[in-house]
Amino acid sequence: MDIISALEGLAPELEKGLEKASTAEDLESLRVRFLGRKGSLATIMGELPSLAPEKRPEAGKVANRVKEELTSLFEARKKALEEQAEQAFIAGFDPTLPGRHPWEGTRHPITLTMEKICSVFEKLGFDIESGPEVETDYYNFEALNLPPEHPARDMQDTLYITDNIVLRTQTSAVQVHTMEKRKPPLAVVSPGKVYRRDSDITHTPMFHQVEGLMVGDNVTLAHLRGVLTAFSQAMFGKETRVRFRPSFFPFTEPSAEVDISCCLCHGKGHVNGTPCRVCKTTGWLEILGCGMVDPAVFSCVGYPEDITGFAFGMGVERIAMLTYGLGDLRMFFENDARFLRQFV
Ligand code: DAH
């Protein structure tokens with residue numbers, strides 16, 4: 001067969017091949033077969049020198065035209081296959097399927113608990129006040145009736161920055177700031193971080209407290225009891241019972257610790273005959289400290305002598321463990337997303 005008819009035969013042959021090609025791989029192997037370095041076109045062109053010299057220019061022209069034809073046949077088929085794939089995708093696409101939802105962050109259980117505590121008190125008419133986490137000895141201790149050698153300072157192993165500046169060990173410090181800038185009557189709660197030199201299974205060096213303070217004419221222990229009972233029932237359920245045990249805090253007199261009836265066994269000490277693991281069979285859970293504000297504190301902030309008030313303070317981690325039924329404090333600080341995303 002002469003070279004020219006061999007060249008002319010390439011395009012029809014390729015067309016047949018392209019009809020059967022349905023994938024990118026099929027196209028590529030055809031391209032190699034026809035246009036590759038050792039493909040049909042190149043092989044035929046290799047025979048050009050064997051032609052009589054006067055016939056070569058024409059054969060060269062035909063070869064160039066055929067090469068262009070082959071290339072455009074490839075392009076056309078490639079485009080057709082791409083359009084087919086797109087049509088198939090559109091046909092198979094169901095716009096009513098739910099989208100893929102990216103995971104959204106959630107608020108930390110401690111934040112949620114702190115917000116819940118504050119919202120209960122806000123409904124009772126309390127305002128939110130905050131104070132600095134880096135405090136002077138005066139606000140954290142002295143104005144709260146803990147003079148320098150007071151033994152109660154040992155209860156709160158303190159992280160000192162200088163002799164006089166500490167990381168606050170209790171949100172009670174906010175009481176003093178609040179009374180310095182506001183006149184009675186007032187009712188405030190102060191949520192925030194506190195710090196102590198403590199780190200074991202049940203203690204972390206940073207934890208959270210919510211402090212409460214109500215001051216006015218004739219604020220009594222009965223008001224304190226009423227407010228804390230309302231709070232406990234809003235937080236742990238209507239059937240929750242509350243008891244006050246006498247205690248000691250330097251900034252309150254008298255002072256008490258407040259227990260609520262156990263939220264797991266409801267005060268029975270047992271659950272289906274087995275000892276209650278939450279209250280250790282006592283039926284009660286301690287949740288906070290409180291008392292009537294000591295006159296020494298009022299005198300530090302220049303309040304009148306006949307003013308009265310109550311204060312209370314609670315650990316947020318403990319309240320969160322009780323409301324969510326958790327046994328291990330450390331879970332709050334490990335930041336395991338599988339744990340955290342369960343709270344909304
Ligand atoms: N500040 C105390 C603590 O960290 C808690 C506390 C007890 C706060 C009695 C009070 C209170 O306001 O009256 O352990």
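If you're wondering where the values come from, they're calculated on a predicted model, not measured in any experiment.

**As for the domain arrangement of the protein**
Then comes step 1: For the protein, the domain assignment lists domain 1 (3–91) and domain 2 (109–340).
Then comes step 2: Put simply, the middle of domain 1 and the middle of domain 2, counted by C-alpha atoms, are 85 Å apart.

**Things to note about the site of the ligand**
Then comes step 1: Taken together, 15 residues are adjacent to the ligand, and Gln170, Ser172, Arg196, Gln209 and Glu211 come closest.
Then comes step 2: Arg196 places a polar side-chain atom, nitrogen or oxygen, 2.8 Å from an oxygen atom of the ligand.
Then comes step 3: Relative to its unbound accessible area of 360 Å², the ligand is 91% covered by the protein chains.
Then comes step 4: Elements with a minimum of two residues in the shell around the ligand: β5 (206–216), β10 (284–293) and β11 (308–315).
Then comes step 5: Its residues placed into classes, the shell around the ligand shows 5 nonpolar, 8 polar and 2 charged.

**Re the environment of Leu48**
Then comes step 1: Looking at the secondary structure, you find Leu48 in the loop between α4 (40–45) and α5 (56–92).
Then comes step 2: When its relative accessible area of 17% is taken as the criterion, Leu48 is described as buried.
Then comes step 3: Considering only alpha carbons, one finds Leu48 and Gly60, 12 residues apart in sequence, at a separation of 8.0 Å.
Then comes step 4: When residues no more than four places from it in sequence are discounted, the contact partners of Leu48 are Ile3, Arg56 and Ala59.

**Regarding unusual backbone geometry**
Note: most residues except glycine have negative phi, and most peptide bonds are trans.
Then comes step 1: Pro185 follows Pro184 through a cis peptide bond whose omega is 5°.
Then comes step 2: With respect to the helices and strands, Pro185 occurs in the loop between α8 (173–181) and β4 (186–195).
Then comes step 3: Along the chain, Glu253 connects to Pro254 via a cis peptide bond; the corresponding omega equals -5°.
Then comes step 4: Positive phi, close to 60°, is recorded for Asn218, a residue that is not glycine.
Then comes step 5: Structurally, the position occupied by Asn218 is in the loop between β5 and α9 (221–236).
Then comes step 6: A positive phi angle, close to 55°, is found at Asn335, a residue other than glycine.

**Structural notes on α5**
Then comes step 1: Its 37 residues give α5 an end-to-end C-alpha distance of 54 Å, which sits within 8% of 54 Å, the value for a rise of 1.5 Å per residue.
Then comes step 2: Turning to α5, its buried residues number three or more, namely Ala59, Gly60, Val62, Ala63, Val66, Leu70, Phe74 and Leu81.
Then comes step 3: If you follow the buried residues of α5, they end up packed against α1 (3–8), α2 (10–20), α3 (24–35) and α4.

What counts and what doesn't
- Residues numbered from 1 in each chain as written.
- Predicted model: local features only at pLDDT ≥ 70, side-chain atom pairs only at ≥ 80, totals over all residues.
- Heavy atoms only, no water.
- Domains from an automatic or database assignment.
- Near = heavy atom within 4 Å.
- Polar contact = N/O pair within 3.5 Å; in protein donor to acceptor, adjacent residues only side chain to side chain.
- Areas by Shrake-Rupley, 256 points an atom, 1.4 Å probe, with all protein chains shown as cover.
- Helix = DSSP H or I, 4+ residues; strand = E, 2+ residues; numbered from the N terminus.
- Nonpolar A, V, L, I, M, F, W, Y, C, P; charged D, E, K, R; others polar.
- Buried < 20%, exposed > 50% of the residue type's maximum accessible area, 1.4 Å probe, protein only.
- Contact = heavy atoms within 4.5 Å.
- Expected span 1.5 Å × (residues − 1).

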